[in-house]
Amino acid sequence: MKRLFTICILLGFFGLTGCATIVGDSSQTVQVNSNPQGAKFEIKDDRGMVIISGATPQNVVLDKSDGSYFGGKDYQITFTKDGFRPLTLPIKHSVNGWYIGGNLIFGGLIGWLAVDPLNGGMYTLKPKEANATLSAQ
């Protein structure tokens, strides 16, 4: 009887969460690299606002969702360095496998339609490592 109670509690817990939320996060670390190193970079969100700037190499933490329902977030990284042409690379969101497959097993409709779409856990940012090779002017 105690075992059945424990199983029911666990199933209830998973029924109120999304699988991508259980194994993921609402943000993701992206490694920003350049060749040559020491390039300056600016990361703009999909509204064109600069959210992070720095110099390579550096890890940055980016939100995977724009906070709206099913609102994945995209970014643009622009690299600059004296004597080199500027280079802009995209970072795009995509649906991760835990959202699709994990909710079949654990989260169900609540995970698919409520929890994961609201917090960004359903997305992965790609590439996970932005590598820019700058060309001399």
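Visitor: Please explain the sheet that holds strand β3 (residues 50-55) as it appears in this structure.
Guide: Within a sheet, each strand pairs with its neighbour through backbone hydrogen bonds, oriented either parallel or antiparallel. The strand order β3-β2-β5-β6-β7 describes an open sheet built from five strands, whose pairing is antiparallel. Each edge of the open sheet carries a strand with a single partner, namely β3 and β7 (123-126). Averaged over all pairs of adjacent strands, the angle between their axes in this sheet comes to 20 degrees, without regard to strand direction. Strand direction decides the pairing type here: strand β6 (residues 87-95) and β7, joined by four bridges, are antiparallel.

Visitor: For this particular structure, what's the right way to read the side chain of Asn-33?
Guide: If you trace the backbone, Asn-33 turns up in strand β1 (residues 27-35). Side chain to side chain, Asn-33 and Gln-31 meet in a polar contact 2.8 Å long. Leaving out residues up to four positions away in the same chain, Asn-33 has contacts with Thr-56, Pro-57, Phe-79, Glu-129, Ala-130, Asn-131 and Ala-132.

Visitor: Got a minute to help me understand the environment of Asn-59 in this structure?
Guide: Mapped onto the secondary structure, Asn-59 falls in strand β4 (residues 58-63). What makes Asn-59 partly exposed here is its relative accessible area of 47%. Put simply, Asn-59 and Val-30 are 29 residues apart on the chain and 5.7 Å apart in space, counted from C-alpha to C-alpha. Apart from residues lying up to four places away in sequence, Asn-59 is in contact with Thr-29, Val-30 and Gln-31.

Visitor: Before we go on, may I ask you to explain the side chain of Asp-45 in this structure?
Guide: Examined against the element boundaries, Asp-45 turns out to sit in strand β2 (residues 40-45). A polar contact is formed between the side chain of Asp-45 and the backbone nitrogen of Arg-47, at a distance of 3.0 Å. For Asp-45, the residues in contact, after removing those within four places along its chain, are Ile-51, Lys-73, Asp-74 and Tyr-75.

Procedures and definitions
- Residues numbered from 1 in each chain as written.
- Predicted model: local features only at pLDDT ≥ 70, side-chain atom pairs only at ≥ 80, totals over all residues.
- Heavy atoms only, no water.
- Pairing = 2+ DSSP bridges.
- Helix = DSSP H or I, 4+ residues; strand = E, 2+ residues; numbered from the N terminus.
- Axes fitted to C-alpha atoms, helices over the stretch in contact; angles between N-to-C directions.
- Polar contact = N/O pair within 3.5 Å; in protein donor to acceptor, adjacent residues only side chain to side chain.
- Contact = heavy atoms within 4.5 Å.
- Buried < 20%, exposed > 50% of the residue type's maximum accessible area, 1.4 Å probe, protein only.

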